[in-house]
Amino acid sequence: MHLYNWRGCNKKGQVFTGKYWAENQLVVAEFVRGKHGYVIDIKRAEEFFPGRFHSVKHLTDKQKGLFFVRLGSLLTRGIPLLRGLELLEERSSQNIQRVCVMLQNDLERGLALSVAIRKQQREFSALAVKITEAGEASGQLAGLLGELSEFYLKQRATKRFVFNACLYPCIVLCSTFLTMGYFVCKVLPMFGKVYSALGIKGGQFLLTVIETVHMLKESPQLLWAFCLLILVVCVYTRKKLRKILFKMPIVKKYYDIFLEIRCCRLLSLLLTSGITLSHGLNLIEGTLPQGRLRAETHEIGEKVLLGYSLEEAATLHNGIFSRVSREFIAMGENGGNLDKMLSEAA
């Protein structure tokens, strides 16, 4: 997706200009004709960092939360959807402005908001599409957009909590590597000198390390090349490194808590919007990473389809829902307010 500068005019000869994010010039031309009538000029904006270094920033959880809460607030006050998007475009950040323009373009073509959101797959997940569809079908779009906003904002807060909790072990790990590096570069050569003064021949490992350190000191270019190689390897294997990080005992504990909180909130939101329990579990399954938790969630969904209660299915497959969450689920099913109890569990 690229940024284009366009100029257009209407039948009265009035000239309009603007910017538009699109895949190609044909999409921009269609947008300008639909809005003003005639296209004068379309040029691709200059990119100071072309290629993979120049990319469109996606909406963050905070920006999604602000977008939905503001749009829901405008709809609650009786402002039409298209006019509400125009007002959001005028008073929002560049990322939200870009999304508002694209949604306006689709709405002007006669598409529903849920269909327009579905077309923005890089910005919105299937969750936003399903909630919007449910709101349009039930006539409670404004209220459900507010619920969706609350979900994204709480998810952001949970992510920050997990990040802060995982920060300490990462700092300890980095400090360990730095200490090891200092020991290898400064302390081991001192042992080599002591051994030489005493006429003692060190082990092969010690001699190899000392020779490597001397070589790097004499040729610092090799050290920089080695550091660059490590950086490149980390960049290209970042997904595997992230998986390894999430398997560390302390990090895994908080990561599993984050996934459980997210699933409880997500299922609560889906049930509030009128989506069935089995369908909601299928949607949750798609948000989980590949592995045990996704498989367990799939089994829970299968049990629910067979007639089991959610609490019974979660007890049989002790995966994503902990004992505390299962107690809240049981109270919610007995009281007929499962959506609220899931939110309380989160």
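Just so we're clear, the structure is a prediction, and the values are computed from it rather than from any experiment.

Student: Help me understand the overall build of the chain in this model?
Tutor: Across its full length, the chain holds 16 helices and three strands. Its C-alpha atoms give the chain a radius of gyration of 28 Å, clearly above 20 Å, the size a compact globule of 346 residues would have. For the chain, the spread of C-alpha atoms along the principal axes amounts to about 95 × 65 × 30 Å. Here the chain, with 346 residues, has 36% of them falling under the buried criterion. Restricting the contact set of the chain to residue pairs at least 6 apart, pairs at least 24 apart contribute 51%. As displayed, the chain has an accessible area near 21,200 Å², and 60% of this comes from carbon and sulfur atoms. Distance between charge centroids for the chain: 8 Å, based on 46 positive and 30 negative side chains.

Student: Would you mind showing me how to read the packing of aromatic side chains here?
Tutor: To describe a pair of aromatic rings, you give the distance between the ring centres and the angle between the ring planes. Tallied over the entire structure, the rule returns five aromatic pairs. Summarising the aromatic geometry, the rings of Phe-67 and Phe-124 are spaced 5.9 Å apart at their centres and angled 40° between planes, so their arrangement reads as tilted. With a gap of 57 residues between them, Phe-67 in helix H2 (residues 61-76) and Phe-124 in the loop between helix H5 (113-119) and helix H6 (126-138) connect regions that are remote in the sequence. Residues Phe-68 and Tyr-152 carry aromatic rings whose centres are separated by 6.0 Å and whose planes lie at 10° to one another, so their mutual orientation is stacked. In this pair, Phe-68 sits in helix H2 while Tyr-152 sits in helix H7 (residues 141-198), placing the two residues 84 residues apart along the sequence.

Student: For this particular structure, what's the right way to read the nonpolar core?
Tutor: For soluble globular proteins, the rule of thumb is that nonpolar side chains tend to be buried together. Counting residues in hydrophobic clusters, the biggest one holds 58 residues, and the most contacted among them are Phe-67, Phe-68, Leu-127, Ile-300, Leu-310 and Phe-321. A per-element tally of this core places helix H11 (residues 249-272) first, with 11 residues. Residue contacts for Phe-67: discarding those within four places in its chain leaves Leu-85, Leu-88, Ile-96, Cys-100, Leu-103 and Phe-124. The next biggest cluster of nonpolar side chains, apart from the first, holds 11 residues, and it includes Val-28, Phe-31, Val-32 and Val-101.

Student: Can you walk me through a nonpolar patch on the surface in this structure?
Tutor: Taken together, the side chains of Leu-228, Leu-231, Val-232, Val-235 and Tyr-236 define a hydrophobic patch exposed on the protein surface, amounting to about 510 Å² of accessible area. One can find Tyr-236 in helix H9 (residues 220-236).

Student: So what exactly am I meant to see when it comes to the packing of H6 against H7 here?
Tutor: Two quantities define a packed helix pair, namely the angle between the helix axes and the distance between the axes. Contact geometry of H6 with H7 gives a least axis separation of 8 Å together with a crossing angle of 160°. In terms of orientation, H6 lies roughly antiparallel with respect to H7. Considering the relative orientation of H6 and H7, their crossing is right-handed. Here Leu-127, Ala-128, Ile-131, Thr-132, Ala-134, Gly-135, Glu-136 and Ser-138 of H6 lie close against H7, whose contacting residues are Leu-141, Leu-144, Leu-145, Leu-148, Phe-151 and Tyr-152. Residue composition of the contact of H6 with H7, by class: 10 nonpolar, three polar and one charged.

Student: When you look at helix H13 (residues 292-305) in this model, what are you seeing that I'm missing?
Tutor: What sets the pattern is the α-helix's 3.6 residues per turn: residues three or four places apart point alike. Helix length check: H13 (14 residues) gives 20 Å between terminal C-alpha atoms against 20 Å at 1.5 Å per residue, within 8%. When we look at burial in H13, the residues that qualify are Leu-293, Arg-294, Thr-297, Ile-300, Gly-301 and Val-304. Across the axial projection of H13, the buried residues extend over an arc of 120°, all falling on one side. Against the buried residues of H13 lie H11, helix H12 (277-287) and helix H14 (310-316).

Student: For this particular structure, what's the right way to read a positive patch on the surface?
Tutor: Together, Arg-238, Lys-239, Lys-240, Arg-242, Lys-243 and Lys-247 line one region of the surface with positive charge. Mapped onto the elements, Lys-243 comes out in helix H10 (residues 238-246). According to the relative accessible area criterion, Lys-243 is exposed, its value standing at 57%.

Student: I would appreciate a short explanation of the packing of helix H3 (residues 81-90) against helix H4 (residues 94-108) in the present structure.
Tutor: Interhelical geometry of H3 versus H4 gives an angle of 160° and a closest axis separation of 9 Å. Classed by the angle they form, the pair H3 and H4 counts as roughly antiparallel. Both H3 and H4 take part in a crossing whose hand is left-handed. Residues Leu-81, Leu-82, Leu-85, Glu-86, Leu-88 and Glu-89 of H3 form the contact with H4, whose own contacting residues are Gln-97, Cys-100, Val-101, Leu-103, Gln-104, Leu-107 and Glu-108. Tallied by class, residues from the contact of H3 with H4 come to eight nonpolar, two polar and three charged.

Student: For this particular structure, what's the right way to read the environment of Thr-176?
Tutor: Within the secondary structure, Thr-176 is located in helix H7. Only 2.8 Å separates the side chain of Thr-176 from the backbone oxygen of Val-172, close enough to count as a polar contact.

Student: Would you mind going over the confidence of the model for the chain with me for this structure?
Tutor: Low-pLDDT stretches of the model should not have their predicted coordinates read in fine detail. For the chain, the mean per-residue pLDDT works out to 80, and 95% of the residues sit at or above 70. Looking across the chain, the model is least confident in H10, with a mean pLDDT of 73, and most confident in H2, with 88. The low-confidence segment residues 48-54 (pLDDT under 50) makes three contacts with residues lying over four places distant or belonging to another chain.

Student: Would you take a moment to explain the pattern of salt bridges for this structure?
Tutor: For side chains of opposite charge, pairing can occur when their charged atoms come near one another. Evaluated as defined, the whole model comprises seven salt bridges. Residue Lys-159 pairs with Asp-61 through a salt bridge whose shortest N-O separation is 2.8 Å. Placement of the pair is Lys-159 in helix H7 and Asp-61 in helix H2, with a sequence separation of 98 residues. The class for Lys-159 is partly exposed, based on a relative accessible area of 40%. The salt bridge involving Glu-327 is made with Arg-323; its shortest N-O contact spans 3.0 Å.

Reading guide: rules and limits
Residues numbered from 1 in each chain as written. Predicted model: local features only at pLDDT ≥ 70, side-chain atom pairs only at ≥ 80, totals over all residues. Heavy atoms only, no water. Helix = DSSP H or I, 4+ residues; strand = E, 2+ residues; numbered from the N terminus. Rg over C-alpha atoms; globule rule 2.2 N^0.38 Å. Buried < 20%, exposed > 50% of the residue type's maximum accessible area, 1.4 Å probe, protein only. Contact = heavy atoms within 4.5 Å. Areas by Shrake-Rupley, 256 points an atom, 1.4 Å probe, with all protein chains shown as cover. Lys, Arg positive; Asp, Glu negative; His and termini not counted. Charge placed at Lys NZ, Arg CZ, Asp CG, Glu CD. Phe/Tyr/Trp six-rings, centres within 6.5 Å; stacked < 30°, edge-to-face > 60°. Core = buried A, V, L, I, M, F, W, Y, C linked by side-chain atoms within 4.5 Å. Patch = residues over 30% accessible without salt bridge, like charges linked within 9 Å, V, L, I, M, F, W, Y side chains within 5 Å. Salt bridge = Lys/Arg side-chain N within 4 Å of Asp/Glu carboxyl O. Axes fitted to C-alpha atoms, helices over the stretch in contact; angles between N-to-C directions. Parallel < 35°, antiparallel > 145°, perpendicular 65-115°, else oblique. Left-handed = near helix turned anticlockwise from the far one by under 90°. Nonpolar A, V, L, I, M, F, W, Y, C, P; charged D, E, K, R; others polar. Expected span 1.5 Å × (residues − 1). Arc of directions from axis to C-beta. Polar contact = N/O pair within 3.5 Å; in protein donor to acceptor, adjacent residues only side chain to side chain. pLDDT = per-residue confidence, 0-100.

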